[in-house]
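# Coordinate analysis (summary)
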Amino acid sequence: MPTAYDIILRKLNAHSPLDPGDEEALRSLPLRMRRLEPDEDLLREGDRPEAVTLVLDGMLARYHALANGKRQYLSFHIAGDLPGAQTLFLDRVDYAVCGVGRAEIASVMHEDLLALFKQRPMIGFAVWRETLVDAAICRQAITNNSSRAPRTRMAHLFCELYYRARSAGLGETKLLQLSLHQAQLGDALGMSLVTVNRSLQALRRTGAIQFRNGLLTVHNWQRLAAIGEFDAAYLHSRAGRL
């Protein structure tokens, strides 16, 4: 079973290959483990975090809380992701992070990670690149929600999550566990529940996917990618094509 260090090294090596010395140094970092319950907040807007979080299992979501009590989900984070890496460089967070379903995380103190960057600069570059990929995902979400039709919008989100999970070595071929219900899909994609339901039905009819009870089954990846107008270049992964 992969350790927390195996998980983060696989993720960083996907876009920023590290040498054995870097890997050994990273494995020396002290980590604190924690479990999150569904919808439990890890960070709230305005917090001043002192640690960076690594997702080990399950999924986290970054979101903005709206005045009417609803949430706008900005991005989803799976095993290997560092959803709060920007906190190394920013004093306050302008977003919240919560669990989506149950999740397991590991935290490393800022002071320990920054000290490691000074000793092993390539690790610092790799984490910095991770924040840039994270920003690219957020930019793509803006385009997706503002410019694409509902069916295409939903297909693109499924493509991204499936591609990222497969690149990270998660899940089985064609299957991906997503702890998302229809209301959360609507909050992520700017859709009403009625539109979410219609979009799911439309995608099912294409034969590309099935999404039921939090389980995504990809029957035809090429068709799903075409419907979602998905190009993985913005993810900057060396893991290759599916």
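These notes cover the structure that comes with them. (Residues numbered from 1 in each chain as written. Predicted model: local features only at pLDDT ≥ 70, side-chain atom pairs only at ≥ 80, totals over all residues. Heavy atoms only, no water.)

## Focus: the nonpolar core
The following threshold applies: Here, nonpolar core means buried Ala, Val, Leu, Ile, Met, Phe, Trp, Tyr and Cys residues that are tied together by side-chain atoms lying within 4.5 Å of each other. Only protein chains enter the accessibility calculation, which uses a 1.4 Å probe. A residue is then buried if its area is under 20% of the maximum for its type, exposed if over 50%, and partly exposed in between. Think of it this way: any DSSP run of H or I at least four residues long counts as a helix, any run of E at least two long counts as a strand, and we number them from the N terminus. It only takes one pair of heavy atoms within 4.5 Å for two residues to be counted as in contact.
With 43 residues, the main nonpolar core has Phe76 and Phe158 as its most contacted residues. Considering every element that reaches this core, the biggest residue donor is helix α5 (residues 150-167), with nine residues. Those residues in contact with Phe76 that lie beyond four places of it in its chain are Met59, Leu60, Ala61, Asp81, Val100, Leu157, Leu161, Arg164, Leu180 and Ala188. Counting 24 residues, the second largest nonpolar core, distinct from the first, contains Ile8, Leu26, Leu29 and Leu82.

## Looking at the environment of Ser199
By the element assignment, Ser199 lies in helix α7 (residues 193-206). When the C-alpha atoms of Ser199 and Met154 are compared, they prove to be 7.2 Å apart, with 45 residues separating the residues in sequence.

## A short note on the sheet that holds strand β8 (residues 215-218)
Quick note on the threshold: Here a strand pair is declared whenever DSSP counts at least two bridges between the two strands. Every angle, taken between N-to-C directions, lies between 0 and 180 degrees, and every axis is a line fitted to C-alpha atoms, over only the stretch in contact when it is a helix.
With respect to topology, three strands assemble into an open sheet ordered β6-β8-β7, the strand pairing being antiparallel. The open sheet has two edge strands with one neighbour each: β6 (175-177) and β7 (209-212). The average angle at which neighbouring strand axes cross in this sheet is 15°, direction not considered. Both β7 and β8 contribute to a ladder of four bridges, which runs antiparallel. Within β8, the residue paired with Phe211 across the bridge is Leu216. Across the sheet, α5 is in contact with β6, β7 and β8; its angle to β6 comes to roughly 100°.

## Considering a nonpolar patch on the surface
Note the following rule: Here the term patch refers to residues with relative accessible area over 30% and no salt bridge, with like charges joined within 9 Å and nonpolar side chains (Val, Leu, Ile, Met, Phe, Trp, Tyr) within 5 Å. Each accessible area is a Shrake-Rupley estimate made with a 1.4 Å probe; only the visible protein chains count as cover when residues are assessed. The term salt bridge refers to a pairing of a side-chain nitrogen on Lys or Arg with a carboxyl oxygen on Asp or Glu at a separation within 4 Å.
Where nonpolar side chains cluster on the molecular surface, the patch consists of Met122, Phe125, Trp128 and Leu132 and spans about 420 Å² of accessible area. Secondary-structure assignment places Leu132 in helix α4 (residues 121-147).

## Quick notes on the packing of aromatic side chains
As a reminder, the rule being used: The criterion for an aromatic pair is that two Phe, Tyr or Trp rings (for Trp, the six-membered ring) have centres within 6.5 Å, with stacked assigned to planes under 30 degrees apart, edge-to-face to planes over 60 apart and tilted to the rest. A ring has a charge above it when a Lys NZ or an Arg CZ is no more than 6 Å from the ring centre and no more than 35 degrees off the ring normal.
A complete count under the given rule lists eight aromatic pairs for this structure. Ring-pair connections join several aromatic residues into one group, and the members of that group are Tyr162, Tyr163, Trp221, Phe230 and Tyr234. Between Arg62 and the ring centre of Tyr95, over which it is positioned, the NZ or CZ distance is 4.8 Å. The ring of Tyr63 has Arg71 lying over it, and the distance from NZ or CZ to the ring centre is 4.2 Å.

## Details of helix α3 (residues 110-119)
Here is the rule we go by: By arc we mean the arc of the directions from the helix axis to the C-beta atoms, nothing more.
Among all positions in α3, only His110, Leu113, Leu116 and Phe117 are buried. Viewed end-on, α3 has its buried residues packed into an arc of 130°, placing them on one side of the element. The outward face of α3, more than 90 degrees from its buried face, is lined by the exposed residues Glu111, Lys118 and Gln119. If you follow the buried residues of α3, they end up packed against α2 (20-26), β3 (51-65), β5 (96-109) and α4.

## Considering the pairing of β3
Taken together, the 11 bridges between β3 and β5 define a ladder with antiparallel strand orientation. From the neighbouring strand, Thr53 faces β5, where its bridge partner is Ser107. Relative to strand β4 (residues 71-77), β3 is paired through six bridges, and the arrangement is antiparallel. Each residue of the ladder has a partner; that of Arg62, found in β4, is Ser75. The antiparallel hairpin formed by β3 and β4 contains five residues in its connecting segment, where Gly69 sits at a positive phi of about 95°.

## Concerning the packing of α4 against α5
This is how the line gets drawn: Angles are sorted into four bins: roughly parallel if under 35 degrees, roughly antiparallel if over 145, roughly perpendicular if 65 to 115, and oblique for all others. Two helices crossing with the near one rotated counterclockwise from the far one by less than a right angle form a left-handed crossing, whereas a clockwise rotation gives a right-handed crossing. In the scheme used here, Gly and all other residues not listed as nonpolar or charged are polar, with Ala, Val, Leu, Ile, Met, Phe, Trp, Tyr, Cys and Pro taken as nonpolar and Asp, Glu, Lys and Arg as charged.
Direction vectors running N to C along α4 and α5 enclose 160°, while the axes themselves pass 9 Å from each other. Taken as axis vectors, α4 and α5 run roughly antiparallel relative to one another. Seen along the crossing, α4 lies across α5 with a hand that is right-handed. On α5, the residues touching Ile137, Gln140, Asn144 and Asn145 of α4 are Thr152, Arg153, His156, Leu157, Glu160 and Arg164. Looking at side-chain class alone, the contact of α4 with α5 contains two nonpolar, five polar and three charged residues.

## A look at the packing of α5 against α7
In contact at an axis separation of 9 Å, α5 and α7 are set at 75° when each is read in the N-to-C sense. If you check the angle between α5 and α7, you find them roughly perpendicular. Between α5 and α7, the contacting residues are Pro150, Arg151, Met154, Ala155 and Phe158 on the first element and Thr195, Val196, Ser199, Leu200, Ala202, Leu203 and Thr206 on the second. Residues that form the contact of α5 with α7 fall into these classes: eight nonpolar, three polar and one charged.

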